[in-house]
Every structure is written in structure tokens, then in C-alpha cells.
Amino acid sequence: MPPQPHTTHLLTTNWQFHRLGDPPTKWHPVPHLPSDIHTELINSSLLPHPFLDLNELATSWVADQTWIYRLTFPTPAHNPDAVIDLVFEGLDTFATITLNGRVIKQTDNMFVCWRVNINDFVAGEEENILEITFDNARERGLQLVKDHPEHEFIVHQTEVSRGPVRKAQYHWGWDWGPTLMTYGLWRPVRIEVYESRIGEVAVKYNVDLSEGGEEPEVEIGLWVGIVGRAGWAEVEVDFQGRTMVAFTGEQGKLIKNGEHPETWEYSASMVRLEGAKLWWPKGYGGQNLYDVRVRIFDAEGGTVLAEHNQRVGFRKAELVQERDGYGHSFYFRVNDIDVFAAGSNWIPADSFLSQVTPDRYRNWLQNAVADGNQNMIRVWGGGVYEHDAFYDACDELGILVWQDFMFACASYPTYPEFLMSIEMETRQNVTRLRSHPSIVLWCGSNEDYQIQERYQLDNNRSDNDPESWLKSSFPARYIYEELLPRIIREESPCPNTLLYHPCSPFGTGASTTLEVDPTVGDIHQWNLWHGEAKPFQCLPEMGGRFVSEFGMEAYPHFETVQRFVTDPKELYPGSKTLDFHNKAIGYERRLMAYLGENYRLVYDIKGFIHLTQILQADSMATAYKSWRRAWQTQGGNGRKCGGVLVWQLNDCWPTISWAVVDYYGIKKPAWYAMKRALAPIAVGVSRAFWDWTMRPADNLWKKHTGHVDPTLSTKKVVYDVWVSSDGTTHPNKEDIEATVRTRFISVATGKDILFDIPESKTVSIKPNGVTDVSLSSELNWEGKQEEPIVIYVSLWINNEKVSSDCSWPDPIKYLDLSERGLRLEYPAENEVTIRTTKPVKGFVFSEKEGVTLRDNGFDVVPGEIVTVQLEGIKVRELEWTPRESSASPATDYGENMMYQLRNVSQETPYSPVDGILWHEAGVNIERAVEELYWHIELSACDTIFFTGCYTHSRKRPSYPLE
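Residues numbered from 1 in each chain as written. Predicted model: local features only at pLDDT ≥ 70, side-chain atom pairs only at ≥ 80, totals over all residues. Heavy atoms only, no water.

Please clarify how the overall build of the chain should be interpreted in this entry.
Tallying secondary structure elements over the chain gives 17 helices and 50 strands in all. Within the chain, contacts between residues separated by at least 24 positions form 71% of all contacts whose residues are at least 6 apart in sequence. By element, 48% of the accessible surface of the chain is carried by carbon and sulfur atoms, the whole surface being about 38800 Å². (Helix = DSSP H or I, 4+ residues; strand = E, 2+ residues; numbered from the N terminus. Contact = heavy atoms within 4.5 Å. Areas by Shrake-Rupley, 256 points an atom, 1.4 Å probe, with all protein chains shown as cover.)

Would you explain the pattern of salt bridges in this entry?
Close approach of charged atoms allows side chains of opposite charge to pair. Per the counting criterion, the structure on display carries 49 salt bridges. Here Arg378 ties to Asp404 by a salt bridge, and the two come within 2.8 Å at their closest N and O atoms. Pair noted here: Arg378 is in strand β26 (residues 376-379) and Asp404 is in strand β27 (residues 400-404), with a separation of 26 residues, a long-range link. Of the charged contacts, one joins Glu778 and Lys716 as a salt bridge, the two residues approaching to 3.3 Å between their closest N and O atoms. With a gap of 62 residues between them, Glu778 in strand β38 (residues 769-778) and Lys716 in the loop between α15 (712-715) and β35 (718-725) connect regions that are remote in the sequence. Relative accessible area serves as the criterion here: at 44%, Glu778 is assigned to the partly exposed category. (Salt bridge = Lys/Arg side-chain N within 4 Å of Asp/Glu carboxyl O. Buried < 20%, exposed > 50% of the residue type's maximum accessible area, 1.4 Å probe, protein only.)

Can you walk me through the packing of helix α12 (residues 587-598) against helix α13 (residues 605-629) in this structure?
The geometry of a pair of packed helices is captured by two quantities: the angle between their axes and the separation between those axes. In the contact formed by α12 and α13, the axes pass within 10 Å of each other and the chain directions differ by 85°. Classified by the interaxial angle, the pair formed by α12 and α13 is roughly perpendicular. Contact with α12, carried on its side by Leu591, Met592, Tyr594 and Leu595, involves Phe608, Leu611, Thr612 and Leu615 of α13 and no other residues of that element. Residue composition of the contact of α12 with α13, grouped by class: 7 nonpolar, 1 polar and no charged. (Axes fitted to C-alpha atoms, helices over the stretch in contact; angles between N-to-C directions. Parallel < 35°, antiparallel > 145°, perpendicular 65-115°, else oblique. Nonpolar A, V, L, I, M, F, W, Y, C, P; charged D, E, K, R; others polar.)

Help me out: how do you make sense of the nonpolar core in this one?
Across soluble globular proteins, you tend to see nonpolar side chains buried next to one another. Membership of the largest hydrophobic core comes to 202 residues, with the highest contact counts inside it found for Trp15, Ile834 and Phe845. Considering every element that reaches this core, the biggest residue donor is α13, with 11 residues. Not counting residues up to four positions away in its chain, the partners in contact with Trp15 are His28, Pro29, Val30, Leu33, Tyr69, Arg70, Leu71, Leu130, Ile132, Leu185 and Val189. Ranked by size, the runner-up nonpolar core spans 54 residues in total, among them Val207, Ala233, Trp264 and Ala276. (Core = buried A, V, L, I, M, F, W, Y, C linked by side-chain atoms within 4.5 Å.)

What is the right way to look at the environment of Ala299 in this model?
Along the chain, Ala299 falls in the loop between β18 (290-297) and β19 (304-312). With a relative accessible area of 66%, Ala299 lands in the exposed category. The sequence separation of Ala299 and Gly231 amounts to 68 residues, and the corresponding C-alpha distance is 3.7 Å.

Please clarify how the environment of Val294 should be interpreted in this entry.
With respect to the helices and strands, the residue Val294 is situated in strand β18. With residues near it in sequence (within four places) discarded, Val294 still touches Ile198, Val201, Val224, Glu234, Val235, Ala306, Glu307 and His308.

Honestly, unusual backbone geometry in this entry has me stumped. Any pointers?
Note: most residues except glycine have negative phi, and most peptide bonds are trans. The omega torsion of the bond from Asp92 to Thr93 falls at -10°, within 30 degrees of zero and hence cis. One can find Thr93 in the loop between β5 (83-88) and β6 (95-99). The residue after Ser504, namely Pro505, is reached through a cis peptide bond having omega 0°. Within the element layout of this structure, Pro505 appears in the loop between β30 (499-501) and β31 (523-524). Phi angles above zero are rare outside glycine, and Asp53 is one such case at about 50°. Its relative accessible area of 18% is what places Asp53 among the buried residues. Positive phi is not limited to glycine here, since Trp529 has a value of about 80°. Mapped onto the fold, Trp529 is located in the loop between β31 and β32 (547-549).

I tried to follow helix α9 (residues 477-491) on my own but got confused; where do I start?
The end-to-end C-alpha distance of α9, which contains 15 residues, comes to 21 Å, matching closely the 21 Å that a straight helix rising 1.5 Å per residue would cover. At Leu483, α9 shows its largest kink, close to 25°, and the proline Pro485 lies no more than four residues downstream. Across the 15 residues of α9, 13 count as buried, placing the element largely inside the fold. (Expected span 1.5 Å × (residues − 1). Bend = angle between axes of the 7 residues up to and from the residue.)

What should I look at first to understand the sheet that holds strand β11 (residues 189-194) in this one?
Pairing between the strands of a sheet is mediated by backbone hydrogen bonds and can be parallel or antiparallel. As summarised here, the arrangement of the 4 strands in space is β1-β11-β5-β8, forming an open sheet in which the pairing is antiparallel. The two strands at the open ends of the sheet, each matched to only one other strand, are β1 (7-10) and β8 (114-117). Here the average twist between neighbouring strands, direction ignored, is 25°. Here 6 bridges tie β5 to β11, and the two strands are oriented antiparallel to one another. (Pairing = 2+ DSSP bridges.)

So what exactly am I meant to see when it comes to the side chain of Ser435 here?
Position of Ser435 among the secondary structure elements: in the loop between α6 (416-433) and β29 (439-443). The exposure class assigned to Ser435 is buried, which follows from its relative accessible area of 15%. Every residue in contact with Ser435, bar those within four places of it in the chain, is listed here: Gln310, Arg311, Val312 and Gly313.

Before we go on, may I ask you to explain the packing of helix α4 (residues 358-369) against helix α5 (residues 388-397) in this structure?
Across the interface, α4 lies against α5 with an axial gap of 9 Å and an inter-helix angle of 35°. For α4 against α5, the interelement crossing comes out right-handed. Together, Pro358, Tyr361, Arg362, Leu365 and Gln366 of α4 and Ala389, Phe390, Ala393, Cys394, Glu396 and Leu397 of α5 make up the contact between the two elements. (Left-handed = near helix turned anticlockwise from the far one by under 90°.)

How should the sheet that holds strand β36 (residues 736-746) be read in this particular structure?
Judged by pairing direction, the sheet is antiparallel, and its 4 strands sit side by side in the order β37-β36-β39-β40 without closing on themselves. The sheet is open, and its two edges are formed by β37 (760-765) and β40 (800-807), each paired on a single side. Neighbouring strand axes in the sheet, compared pairwise and without regard to direction, differ in orientation by 25° on average. Here β36 pairs with strand β39 (residues 789-797) via 8 bridges, running antiparallel. Within β39, the position partnered with Phe744 by the bridge is Ile791.

Is there a simple way to think about the pairing of β5 in this case?
Every regular strand shows the same layout, with side chains that alternate between the two sheet faces. Buried residues dominate β5, accounting for 5 of its 6 residues. In the sheet, β5 pairs with β8 via 4 bridges, with the strands oriented antiparallel. Of the residues in β8, the one forming a bridge with Phe88 is Trp114.

Help me understand the side chain of Ser626 in this model?
Inspection of the secondary structure assignment puts Ser626 in helix α13. One polar contact links the side chain of Ser626 to the main-chain carbonyl oxygen of Ala623, over a distance of 3.3 Å. Among all residues touching Ser626, those that are not within four sequence positions of it are Leu539 and Pro540. (Polar contact = N/O pair within 3.5 Å; in protein donor to acceptor, adjacent residues only side chain to side chain.)

Just distances and angles here, no functional claims.
Written out as C-alpha cells, the structure is:
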């Protein structure tokens, strides 16, 4: 009989689910795996959707039940000597698996792939009945807490039951997400039949850049773990369809591994990869990926027993932590190039992980990360090790990944069973993901050393004995400083591929993480919003060596709010439903404080949404441009800030949170502010901040006081201008000649105010650094009337404007921003231009799912036209804020009519225009029509009929209306 090739049979359909205690005939269909119980109940109309209104409360009973999944399947054809395995890629979480009435496995870790041999359990020619029973994870967690009184379970954000349970920690709820304790088969299930299979492949490589990144020397080798017998193995490494290296019996060797006769390994010594192409982060070079194919054959060599395919990229990575003029550095170096890591923190994209498809992952990473000039994503430790599709997309797009292990905001136990479980979990996931060049850092945990410091748990840095850590009040130190780094070392295919950091935030271990230490390690800067709730204008002085978390809340767009608030009476700020969808502690006091300090408050829902979005956008712009400015190396002190990651990129449900892109993938204005600040070359402007509510203590005033001069922001204008460049657009890494133009524009009149300052400067932009243009320049008001001004700077290269930035006087609420003279024009069906006669703060188009805008949430100044391309909506359907009560909408609609009547014959005595619906509130039809008369040439016409709408008759004005 010929050998049995390795075959896979996916078990994705014909499943059913059932609640324990219901009648035995009451089973409901599961259309497709992956699956979770909440989604199936929703699909079967047995559960209101928990994302709507207050329904989260009405669905909490689901977590208290025991749920059973069932599948009937035939035994696949197989040789007598073949092995039949059931493989569960992910079970959530405490599951008892029975096959034909016999227990074959019990599981307790959501992050583990479970493989079970079923040769002795299948039913031959009869149908097999597979059942999986999921227990109550919360009750199991509480029982584990009781079973281990030797450990003090300290857990933040949620109840203690999550501490000993290896399940996505955010399922217990977080300050941005609901409490939805899911159960189910959250990843695929399959049957494998084989005589031999490829269990593991490690691609080993070394990168030598001694001759520079243009001519790297790369050596590669292979190690393959084989389960079962194999005669020989063959490995090919291809690049763009061409075989670059082929390992055969001459280079490799097949040996028995250990005492078990059915476990073998194949290894091949290192060989040079000719013409090697490195993998680079986005913008720095190509995302070159090689295809590796491994095949094993029977002893005769005629039958392929198994085949394994994977991709790999070759690169060198370093986390540079060395003493410098600011303390100890913290930044990434890839292929010997320093990279400013700018991006976001990633939480799971859905409370129901089974619903996150590969396409959703790809869309998120392309549209929300890569398209926003971001080059790093941090996979946060309270979620999951993501699907392969996530990391594949990062590889292809050049997005660096900071990958947390799944520990967050707790003091975790270390009893033997727990350590065994997490070792299996971490080894599996490190080996699964180690070939992805995008993953540059593995991080032990999220904020767990803050727990240690807050509760004064043991952390004796002079104690270097890991075994003694297990007996301390902070035994998890053993996990983060012994177990996880050892696994990284053992599973790393070569040096400088898998980097490790014990926690985020973390400095030296002895330095503080509870407070912000700006001299070492990475920091979570939560004195914005949380903590001291400092003004966002203070962010330039609140940075660190690497800011891995910070954020500001904002509402999503109104269209998103309408999707989860079904009662129109609840569509107002502070409604019960909107309050319920914001899980942040004390969010109303914090949000209203920031809004009240900075802006004129409005309480209609759309206006309120706009204010929160501008607050968030202003905060992001201030942070990213100022902390990116600290990447400069002038003065020999080193790179003061190595990267910035906002908390957070995304949401797991429709909510009000720190996310810059909402659950539906709709971008808030803050996302665009980040995109502009992170452009390959970006100009920035800032001005000195004069707090209008507090005078800091000094030698004269020994304590803070509220006696302040609120006119300082007008009369004492001290500003800086600079240009940041990541170096990716510099030919041959040389300086680029450019011009920076600076304007000072009256907020009241829109006119330029001329000072004794050059309007433009020629600068040489340094690659991968910062070029200062103006430092601490102060305006001289002598002979001029002091008034609020906008500082507008623009960067020009080869007579093309490539970047611009604005600085406004604080606070915005002191300014009269009425009657700005906004004007919108539509030169094409997918393009709109915006201009103004007076400066406009925070122009925002309302977005909805399916709409793509090139830019949004920007300021508009006189003399500068802003052009926005769009997809997914007709230009004339756009809504925007601010809407002016008269001139702005009328001008817009006059322009609309001009385009519709462009081809009207001048000899026609009147022209009926069908289909123009004047539905926008505040549209001044009289003014719109007057504008229309001015724009079109109808020499014989003094009457225009608007069919079914409005008829206007009067003489054309002889001048354009202001």
C-alpha cells in the first residue's frame, strides 16, 4: 500500500449549539466556524445585540451558562498505519471535548492550539459525534483564586477572577470595552491524517551589513521538526518566483530526535543567499519576502508525505538602550538605520473575535495604519496573539510590530500548573510568529510593574535568583525576567531577530514606572486625561525616551453614534445611553474640564461631537509633532524620543473612547492630525503656552495661584518653527533644499500682519532628523495693535507645497470665530476645495462607513486653498462643521446651482431646474440665488424657476456679493 500523504479536512460547517439544561432536542445551527456563543445567539434571534443601547446589561446571563457545540462527521479515509488528529486552533476557554461519548481532552487556555490523536476514538464507518462543552470562565476563575490562597490576586480594571484564567483579559471589560464573556471555537477546527507531518520549521539566518545596507550578506539555514517517518527532505527558498537556494540531501541531514522512533528532525547548515534583499520598514526600502517550501518524502523518494509553506523576510533589528545626554536611550535600529517608531496601540478589533476576518485585518492595517504614515503597531497584552493574517499584512506593508505577551494590569500567579500553561502558550505563539520580520519586539506584559510598585510588592533588584522570585509577593517577576526571555532565546532562529522587553512601561527595573521617568525606558504618559490631567498644551514637556501610551477621548462621528443609539431621544450629550457606552472612570469630569478650558461649549449633539474631536485632534497634533521633534541629535545628546504610540488606534465595539478610528473603521479628525504630523517631511510650528487659569509657583509666588494675565497669548507670542524628516525621501541620504514660509494672520480680519521677520527662509533639511528654522522667536508689537493671530507655516520643495501647520492663540474660546467667509467649490465629482476669508479652526467633514477622504479635521486660512479628494460619497452630499448661518451655506449652494446650469443657453427666456432640494438648515435661498446670478451668464434672463421648490425673480446684481 502506498504511503499516506498528509491531508487536512476543515470542520467549518454543520455545527450546532445548545445550552445545558434546555430540552435535548433544542439545538440551533452554527452556520460557520470560527464561532462564539453571543454571535450564534444573535444570529438565531435569541439575543439582542449587546452593542446597541443598554443591551450589554440584558445579555450578561450568557456568561453564566454552560454551552455545548456539536458536530457529526465521517471518519476520513486513511491507511491502517495513518495517524488521525483533531486540531483545535483556539478554544475559548475551559472546554471538555468528547468524541462518541468519550472525553478526549480538557482545555484551560484560549491561546493554545490543542492537538488530540483520535485513532482509538473514531467510529469506523459510522458517523462520529464531536461535542465541546464550555464552562463558565468567571466561576472557574473565582475557584482558582480560592484554590491558591498563597498568592494575592491583585487585578485592575476588572474583578479578580481573570487573574488565573488564560483567556483574553478584555473579555472581563476594560475602560474602553464592555463585559462580554464569550465562549466558543474562536479559531478553526480541522482533522489531519498522516503518516508523517512537518511539525515545526525554523529558518535561521545571519545578516552582515559591514558593507552597508545596499550590499548585505545573508546566510540562511534550516531546522525542520518531523513527526513520523521520512526518507528525505527538500527545501526551496524562492524570491519572486525564482529559486534562490535549494537544500537537498547533500546540504541537509535527517536524524532521529530523542528516543521516540516517530520523531525526526532535518537540519541544513548555513549557506550564502546570493543577491539578498532585506526587509525594510515602510518607507525605508522594500518589504522583500521570500517563500520557503519544505517537503518530506518516503524512503523511496516517490511520494510527498507532507509539505509546509511559509514566508520570511531577512532583517537586522536592535533596541538601542545606551547612556546619552538625556539618560538612557530607547529607540529601534533596523538594518543599521535608526527608525523613529510612530504609530498606535492595537486592541482586539471586536468583542467577538470570531467576526474578525482576514480582510478586516488587512483593511485596518492598510487604511488605518499604513495610509496614516504610521510605521509601528503595538499589540496590547490584554487582548490576543493575533491571527496570522494580521502579521502577514504587517510584513507586506512594512509595519513594525511591538508584540506584548498576554499579561495586563495584574499580579499574576506562578503555581506550577499556571507556569506550565503559559510556557506552552508562549512557545507555541513565538514559534508560530517568529518568521515574521515585522515583529521587532516581544514585551513581557502591560503595566504589571506599576501594580508591583503601587502595592509595594517585592522587587529586590539585588536578588538575582529567579527561584527566590517565585517565593516573593511579586512572583510574576519570574515570568517576565526569566521564563519569557528564556523562551525567546531558545526559539529565536538567530541573533538580532527577536528582541525582548520585560514590560511596558519599564526602565531599569529599579526606576519608577508608576510615575513618569522621562530619562529611561518607555513611558505611559497618562498625566494627560488621567493623573494630573494636565493641559494638552503641556505635552511637549511631557515626553520621554519612548512614549508607548498616551491619549485623549473623543466621540465618534454622528453617523456612528446613531448606529448604537436607537432612541432619538437619547441623542444628546450625557444621555443615559451615551454615558453607558463610555467606560472610562470619571470621564464626564475630565472631558468637560478639557472642553470647558479650551472651547466655547455647545450642547447640541453634533456640535458637542465636533468639540470633542477637535480637542482630541489638537492633542494628537501637539504630541506627535513635538515628540517627533525630539528625535533630533543636534548637540550630541542623543535621540531624546525614540517613538510615539497613541492609546488607542481602534475600538472593539461602538463607543466613546481614546480611539482615533472607531469600531466601524471611521476615522476621527485626530487620525488625520497624526497623519499630517508624521508625513515623511513635515513642517511644525509651536508657540509658548501661557496658562490662563493658573500661575505656577516661583520665588515670588510660593504656591500656584489663579491670578493670571489672560492676554499673554496675544501680546507675548514666542514661537518655534522646524522641519522633521524620516530620511526616506532624501536622494542618496543627502540634505534637501526647501523654503519655509511663515505668515501671521489676524483672527478678526483675515489680513496678514507684517512684522520685521523674513516671510520665507531657505533651509537644508537633514535626513532622519530635525532641522530648526526659528527658535524662540518673539513678535514685536511696537507700532501695531496687539490682537490674536494665527501663525501659518508652509514647506515648499521644488515650488510645491508639501506640508503646512498652524498655531492658534490659547484658549480658542476667547476668539470670535463667527462669519468666517467659508466657501466650498466642486471642481470634480470626487473633489472639493475649501477657502476662507478669515481663519477657520477645525473644519471637519462628517464621515460614515464606506467614505474615504484624503484629509479632514484641518484648519483653513485666507489665501490657502485646501483640496480634498474623496470616495464613497457624492461631493454635494458632504456635511461639515463649522456651518455658518448665512454666507457659507448660501455660497456653497450658489456654486452648486452654477454647475448644474453651466450649459443653459443664453437665449432661453427661463430655465427650469429639477431636483434641487433645499433641505439644509440655515440655507439662505435669497443669497444663494443672488450668488447664482453672479456666476452664470444669462443676459436675456432675469427670472429662474426652481421646479417644485422656489421661484426667484429679480435683476442680476452688478457686483459679487461679499
